[in-house]
Amino acid sequence: MKNITIKNKSAGDILLNTYAWCCALLLTSAIVTIVGYLVFQGFSTLNLDLIFSNTPVLEALFLKKQVFGGLFPAITGTLALIFLSMTFALPVGIAAGIFLSEFALPETRKFLGLMFDIMASLPSIVVGLSGFAVTIFLHQHFFKQLYPCLLISALCLAFLVIPYIIRSTQIALESLPPEIRLTAPGLGATRTQNLWYVLIPMAAKDIISGIILAIGRSAEDTAVIMLTGAVATAGIPGSVFSGYEALPFFIYYTAAEYTDGAELMKAYGAALILLFICGGLYIFAYWIKRKVR
Amino acid sequence: MIKANTKIKVRGLSFFYGTSQVLNSINLDIPAGTITAVSGPSGQGKSSLLTAFNRLWENIDGARATGRIWINFGKGLEEITKKEYGVHHLRRKVGMVFQMPNPLPMSILKNMQFPLKLAGISEKNAVLEKIETALKQAHLWEEVKDRLSSDARMLSGGQLQRLCIARSLVLQPEVLLMDEPTASLDPVSVEKIENLLLDLKTGCTIVMVSHYMDQIRRVADINLVLSDGKLSLTTAAGQ
């Protein structure tokens, strides 16, 4: 009987292995360095004063008093922006993804797929500028009271993240095994029943992954909001038609125009809070993903 | 001439994937209460033939069938290839079991309830009774009766395949299509499923794809051999 021996790795294998390890190590180090630097710089500024300034916390939380000089309006604005943009983007993105995967004819699928890829590659500043131009047009011709505001920003952000949601939904559905796709129809299910009871629940995990990416994108984007409604001091937005503050915009203009070190430290604190919000949303989405079987 | 106990009658059935033809004008009569094995080399259209009997090919991109098929559901032969024939109703009468067990991502009980829900059967006692009967028919009841709420995917391969058979049986189909139902199973599970098929054929006409001549000899009454898209041989199994 022949003995089976494991051959030694060739020099090429070792080189490739080392290169792969180095790349992985480099990326991990970059992430650890960035987050570590942020924590190092921003952690000391994290206190209630940074968020609420000299306003009593409860009065600020219950919106009885405006917060001036603290990050509370920017945090609220960011959360409102994420919530609103997702409210617009999720139904449209998921429905379009389902359409592409399940109902579109091959030619339509190819054409629309290309369109959505182009849409995904649009620079956010272009989307922001288009949103601004549309707002001016609407203001001049239809709604005199309409100015750049939370609603316009949310719509532009939704436009920005919709392609991610579409593609992740489409790919999640298309990658289901053919036997699973035929199981429910084989038992007499209609197309809609198959989608509702089998395909969407089975693809839910991957669809949620796409949504997590989209949430992250809409939380951090600055270019869109700086042209469509974010302002330095607006307080808590009274309605969707108000200007608003947002953490990414606060970080941007503070870093660009700070006058002393303490002001810059506030930007680090804001960046850390933005990181916590994104991390919190990520953990929440991950928890939902784990719950979905 | 059509025999009195013909369950399935096929005339001029051709099957295509895009421009490639896999079945070429098949004519066939399958008697009621028999197990018919379909064998032959890979890629000759055995599975496609099965999907013609419940029109499942309509759910497969690029697939197309021509020709006519009749099935006798107790009121004489009905042409199921007519466009107006209700496909969802047809698939409740013609069950199908695939090569790989395909449980839905839910509990054993919900897997069994699923076809009944689709058929609009919701009366609790009737549902539970049908589920118990089907699981007993599939020789699975004793193994799962105490854990019906467990995730179906936790069952072993053989148990999963019997669950899929039970899930098809819960609607009391008159025809059961099985596409290599034992291909992925161990010998013990294969034996259990073969015994199950022999039990089922009294109330159900079974058409199964199989590559194993031993298995065909053990369980089938008729063996159809498909080659180059045509029925090249029809023999009584064992010959």
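The shown structure was predicted, so the numbers you read here are calculated from the model rather than taken from an experiment.

Parameters at a glance
Residues numbered from 1 in each chain as written. Chains lettered and ligands numbered in written order. Predicted model: local features only at pLDDT ≥ 70, side-chain atom pairs only at ≥ 80, totals over all residues. Helix = DSSP H or I, 4+ residues; strand = E, 2+ residues; numbered from the N terminus. Rg over C-alpha atoms; globule rule 2.2 N^0.38 Å. Buried ≥ 20, exposed ≤ 12 C-beta atoms within 10 Å, placed from the backbone. Contact = placed C-beta atoms within 7 Å. Core = buried A, V, L, I, M, F, W, Y, C linked by C-beta atoms within 7 Å. Nonpolar A, V, L, I, M, F, W, Y, C, P; charged D, E, K, R; others polar. Pairing = 2+ DSSP bridges. Axes fitted to C-alpha atoms, helices over the stretch in contact; angles between N-to-C directions. Expected span 1.5 Å × (residues − 1). Bend = angle between axes of the 7 residues up to and from the residue. pLDDT = per-residue confidence, 0-100. Left-handed = near helix turned anticlockwise from the far one by under 90°.

1. Section: the overall build of chain B
- Across its full length, chain B holds eight helices and ten strands.
- Taking 239 residues into account, the globule formula puts the C-alpha radius of gyration at 18 Å, and chain B, at 17 Å, falls close to it.
- For chain B, the spread of C-alpha atoms along the principal axes amounts to about 50 × 40 × 35 Å.
- Relative to its 239 residues, chain B shows a buried fraction of 43%.
- Intrachain contacts of chain B at a sequence separation of at least 6 include 71% that bridge at least 24 residues.

2. Observations regarding the overall build of chain A
- When helices and strands are tallied, chain A shows twelve helices and zero strands.
- Reading the secondary structure of chain A in the N-to-C direction produces α-α-α-α-α-α-α-α-α-α-α-α.
- Its C-alpha atoms give chain A a radius of gyration of 24 Å, clearly above 19 Å, the size a compact globule of 293 residues would have.
- When the 293 residues of chain A are sorted by exposure, 35% land in the buried category.
- Summarising the internal contacts of chain A: among those between residues at least 6 apart in sequence, 74% fall at separations of at least 24.

3. Focus on the nonpolar core
- Core analysis: the largest hydrophobic core is formed by 69 residues, its most contacted members being Val 161, Ile 165, Ala 246, Leu 247 and Ala 270 of chain A.
- Those elements that provide at least two residues to this core are helix 2 (48-52), helix 4 (72-103), helix 7 (150-174), helix 9 (191-220), helix 10 (223-228), helix 11 (247-257) and helix 12 (261-291) of chain A together with helix 3 (108-118) of chain B.
- The leading source of residues in this core is helix 7 of chain A, at 16 residues.
- Sequence-distant contacts of Val 161 of chain A, defined by excluding residues within four places in its chain, comprise Ser 85, Ala 89, Ala 214, Arg 217 and Ser 218 of chain A.
- Ranked by size, the runner-up nonpolar core spans 63 residues in total, among them Leu 196, Ile 216, Ala 220 and Leu 231 of chain B.

4. Considering the interface of chain A and chain B
- Tallying the contact residues gives 15 residues for chain A and 16 residues for chain B.
- Elements supplying a minimum of two residues to the side of chain A that touches chain B: helix 8 (178-186) and helix 9 of chain A.
- Residue contributions to the side of chain A that touches chain B peak at six residues, all from helix 8 of chain A.
- Residue composition of the side of chain A that touches chain B, by class: eight nonpolar, five polar and two charged.

5. Observations concerning unusual backbone geometry
- You will see that Leu 63 of chain A, though not glycine, has its phi angle at about 60°, which is positive.
- Among the structural elements, Leu 63 of chain A can be located in the loop between helix 3 (57-61) and helix 4.
- Despite not being glycine, Glu 180 of chain B shows a phi value in the positive range, around 45°.
- Within the secondary structure, Glu 180 of chain B is located in the loop between strand 7 (175-179) and helix 7 (187-200).
- Residue class for Glu 180 of chain B comes out buried when judged on the 21 C-beta atoms lying within 10 Å of it.

6. Concerning the environment of Glu 79 of chain B
All names here are of chain B.
- Within the secondary structure, Glu 79 is located in strand 5 (residues 77-79).
- Here Glu 79 falls in the partly exposed class, since 13 other C-beta atoms lie within 10 Å of it.
- In the structure, Glu 79 is positioned 124 residues away from Gly 203 in sequence and 21 Å away in space, judged by C-alpha atoms.
- Leaving out residues up to four positions away in the same chain, Glu 79 has contacts with Arg 68, Trp 70 and Tyr 85.

7. Here we look at the sheet that holds strand 2 (residues 20-31) of chain B
All names here are of chain B.
- Pairing is antiparallel across the open sheet formed by four strands, whose spatial order is 2-1-4-5. Sheet topology places strand 2 and strand 5 at the edges, where each strand pairs with a single neighbour. Here the average twist between neighbouring strands, direction ignored, is 10°.
- Of the strand pairs in this sheet, strand 4 (residues 63-72) and strand 5 are connected by three bridges, and their pairing is antiparallel. Paired with Trp 70 across the strands is Glu 79, a residue of strand 5.
- Each of strand 1 (6-17), strand 2 and strand 4 is contacted by helix 1 (residues 46-53), which is oriented at about 120° to strand 1, the strand it contacts most.

8. Quick word on helix 9 of chain A
- Here helix 9 of chain A contains 30 residues, and its C-alpha end-to-end distance of 38 Å is more than 12% below the 44 Å for a straight helix at 1.5 Å per residue.
- Largest kink in helix 9 of chain A: about 55°, centred on Ala 204 of chain A.

9. A closer look at the confidence of the model for chain B
- Of all residues in chain B, 96% attain a pLDDT of 70 or more, and the chain-wide mean is 89.
- The complex prediction reports pTM at 0.79, with the ipTM value standing at 0.85.

10. Things to note about the pairing of strand 2 of chain B
- Across eight bridges, the pairing between strand 1 of chain B and strand 2 of chain B is antiparallel. When the bridges of strand 2 of chain B are listed, Val 10 of chain B appears paired with Leu 28 of chain B.

11. Quick word on the packing of helix 3 of chain B against helix 6 (residues 157-169) of chain B
All names here are of chain B.
- Relative to each other, helix 3 and helix 6 sit at 30°, their axes nearing to 8 Å. Remark: the crossing between helix 3 and helix 6 carries right-handed chirality. Where helix 3 abuts helix 6, its residues Ile 108, Asn 111, Met 112 and Pro 115 lie against Leu 163, Ala 166 and Arg 167.
- Taken together, the residues of the contact of helix 3 with helix 6 break down into five nonpolar, one polar and one charged.

12. Observations concerning the environment of Ile 162 of chain A
All names here are of chain A.
- Position of Ile 162 among the secondary structure elements: in helix 7.
- Sequence separation of Ile 162 and Ala 120 is 42 residues, and the distance between their C-alpha atoms is 8.0 Å.
- With residues up to four places along the chain from it excluded, the contact list for Ile 162 reads Ala 89, Val 92 and Gly 93.

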